[in-house]
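Observations on chain architecture
The primary structure of each chain is shown beneath.
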Amino acid sequence: GSDALEAANNAFALVVLVSFAALVGLALPSAEPARLFDIADWGKIVDIVPTLLLSLVFHNVVPTVCAQLEGDRQKITVAITLGSFLPLLMFLVWNGVILAAVAPGTGGDPLDALRVSGGAALSVGVLAFSLSAIVTSFIGFLLALTDFFQDALRPGGGAAASTASAPDSPLS
């Protein structure tokens, strides 16, 4: 059931964190911090808008988080804050390391440039990180969708029942 999925998700989340740390560790020796400030082309900021919008889709798991934490507002706030901050931190660290590790003007995929120095270990790390990140996202979405359908199909369920039991909004 969902307990097995949660255990699997926790295991894959650990793989995400360990493989991320390994990737950063492999890329860091090639990093030259001065490269972070060599080139700044703010005209390309439009290219990241789809990624920024995609990062806002985690809201579908909020009801599941609320249910798992039994409506405890303080625990929910901590979980959502840390659950948002950790990926942001990972994103910033990864981009900083990659931008500092790859020489400007090399073009192409930055991971290809790093594979030259990191070899097979880097390729395995990228594969482990990528697959685990996809699996954790899929499991989280699946758990949230399952909870949604259980609430929606429950007799007397639906919007009225779920909003009546939902914790107060921090904005109210």
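Let us look at the structure shown here. (Residues numbered from 1 in each chain as written. Predicted model: local features only at pLDDT ≥ 70, side-chain atom pairs only at ≥ 80, totals over all residues. Heavy atoms only, no water.)

**Some thoughts on the pattern of salt bridges**
Inclusion rule: By definition here, a salt bridge exists when the distance from a side-chain nitrogen of Lys or Arg to a carboxyl oxygen of Asp or Glu is within 4 Å. A simple rule labels every residue: compare its accessible area, found with a 1.4 Å probe on the protein chains alone, to the largest value its type can have, and call it buried under 20%, exposed over 50%, or partly exposed in between.
With the rule as written, the count across this model stands at two salt bridges. Here Arg35 makes a salt bridge to Glu32, at a shortest N to O gap of 3.2 Å. Owing to a relative accessible area of 42%, Glu32 belongs among the partly exposed residues under this scheme. The partner of Asp151 in a salt bridge is Arg154, and the shortest N-O contact between them spans 3.3 Å. Take Asp151: its relative accessible area is 30%, and that puts it in the partly exposed class. Using a relative accessible area of 39% as the deciding quantity, one classes Arg154 as partly exposed.

**Structural notes on the environment of Ser30**
What counts, and what does not: The helix and strand labels rest on DSSP assignments: H or I over at least four residues marks a helix, E over at least two residues marks a strand, and numbering proceeds from the N terminus.
By secondary structure assignment, the location of Ser30 is in the loop between α1 (2–27) and α2 (35–38). In this structure Ser30 comes out as partly exposed when scored by relative accessible area, which is 21%. Distance from Ser30 to Ala101, taken between C-alpha atoms, is 4.8 Å for residues 71 residues apart in sequence.

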